[in-house]
Amino acid sequence: MKVQVRRRVDEARDVVALELGAVQGELLPPFSAGAHIDVRLPSNLTRQYSLCNSPADRTRYLIGVLLDPASRGGSKAMHAVREGEILEISEPRNHFPLHPAAHSVLLAGGIGITPILCMAEQLAHVGASFELHYCVRSDDRLAFRDRLAQSDFSGRVHTYVDALPGGPHFDLQTVLANPLPEKHVYVCGPGGFIDAVVQTAAALNWAEGCVHREYFAGTEPVKEGERPFQVRLASSGQCIPVHPTQSIAQALMAHGIDVPLSCEQGVCGTCLTRVLKGEPDHRDLYLSRAEREAHDQILVCCSRSRSAELILDI
Ligand code: FES
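Owing to the predicted nature of the structure, the values given are computational and were not obtained by experimental measurement. (Residues numbered from 1 in each chain as written. Predicted model: local features only at pLDDT ≥ 70, side-chain atom pairs only at ≥ 80, totals over all residues. Heavy atoms only, no water.)

A look at helix α2 (residues 113–125)
Thinking step 1. In a regular helix each residue adds 1.5 Å, so 13 residues correspond to 18 Å; α2 covers 18 Å between its end C-alpha atoms and thus fits that length.
Thinking step 2. The buried fraction of α2 amounts to ten of the 13 residues, a majority that puts the element mostly inside the structure.
Thinking step 3. By the burial criterion, the buried members of α2 are Ile113, Thr114, Pro115, Ile116, Leu117, Cys118, Met119, Ala120, Glu121 and Leu123. (Helix = DSSP H or I, 4+ residues; strand = E, 2+ residues; numbered from the N terminus. Expected span 1.5 Å × (residues − 1). Buried < 20%, exposed > 50% of the residue type's maximum accessible area, 1.4 Å probe, protein only.)

Written as structure tokens, this is what we have:
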């Protein structure tokens with residue numbers, strides 16, 4: 001659907017907040033905390049951005065965009081967007097929903113604050129117990145500072161600035177010290193931050209199902225030096241070779257097979273496909289460890305095969 005950029009605000013160093021409103025009518029489709037939208041850029045790239053306004057506010061979608069120096073064009077294009085422009089977006093989807101819990105621990109690294117902020121507002125709205133820990137590298141990168149400070153849950157927000165000598169220190173061991181089945185952890189931010197949380201939680205015996213994560217940056221595009229393999233379509237028996245410099249999705253599309261794609265970085269789950277036989281080589285950031293080990297599904301935009309052949313449920 002088409003939306004109009006109503007406001008563009010420099011929210012923090014390298015972070016812009018874009019407020020999107022309906023082009024026709026007043027209300028936008030509803031969403032829940034943790035949801036994201038796909039934004040189609042003029043260059044035809046598609047990128048996902050978490051919604052960070054309150055789900056109760058149906059008049060706008062608010063997104064925060066970090067300018068990534070390693071950007072393949074997505075964040076640069078988004079930073080160039082001006083007020084009044086029309087953007088094409090998907091309806092909100094949620095791969096990072098809140099779960100009923102006696103207490104929620106919300107952890108944000110940098111721009112990972114966007115879905116976490118939305119979750120905090122939702123939890124505060126329903127009177128649920130939670131705490132929010134927000135880590136940034138420097139003070140000028142603290143996005144949504146005023147909104148956090150003015151919220152009625154500001155007392156539950158802990159901010160940590162790496163470059164601030166003498167400031168509070170983010171101690172993951174302490175924050176995750178008491179795993180309980182009725183507590184849930186949500187983490188969003190750079191890959192290293194998420195990995196540290198997931199590994200610490202595992203070491204402290206948190207159940208995997210109580211630790212929820214959402215990555216922003218995806219996997220690298222296919223590199224040279226990969227091994228070729230083939231995929232077989234279960235419905236027709238057709239065999240399709242996947243060359244070393246191709247993804248499975250590219251190979252399928254080259255043979256006229258339609259593949260639903262969005263992020264093309266192993267982050268969003270749109271291209272999830274059932275595997276009936278063979279051993280996937282998972283390269284995505286979407287599946288949990290248990291899902292990977294089951295070997296029965298694959299993200300075809302980025303993952304490959306350890307076996308000479310994969311039979312896909314296509
Ligand atoms: S298209 Fe997003 S994970 Fe494959």
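Examining the packing of aromatic side chains
Thinking step 1. Tallied over the full model, the rule gives five aromatic pairs.
Thinking step 2. Relative to tyrosine 186, the ring of phenylalanine 96 lies with its centre 6.1 Å away and its plane at 75 degrees, an arrangement referred to as edge-to-face. Here tyrosine 186 lies in strand β10 (residues 183–189) and phenylalanine 96 lies in the loop between β6 (86–89) and β7 (103–109), a separation of 90 residues in the sequence. Of the two residues, phenylalanine 96 and tyrosine 186, neither departs from the other in class, the shared state being buried.
Thinking step 3. Here the aromatic rings of phenylalanine 130 and phenylalanine 153 are separated by 5.6 Å at their centres, their planes lie at 65 degrees, and the arrangement is edge-to-face. On the criterion of sequence distance, the pair formed by phenylalanine 130 in strand β8 (residues 130–136) and phenylalanine 153 in the loop between α3 (145–150) and β9 (157–161) is long-range, its members being 23 residues apart.
Thinking step 4. A residue is classified by how much of its surface remains accessible, and phenylalanine 130, at 3% relative accessible area, is buried.
Thinking step 5. What makes phenylalanine 153 buried here is its relative accessible area of 2%.
Thinking step 6. Joined through ring pairs, the aromatic side chains of Tyr160, Phe170 and Phe193 make up one cluster. (Phe/Tyr/Trp six-rings, centres within 6.5 Å; stacked < 30°, edge-to-face > 60°.)

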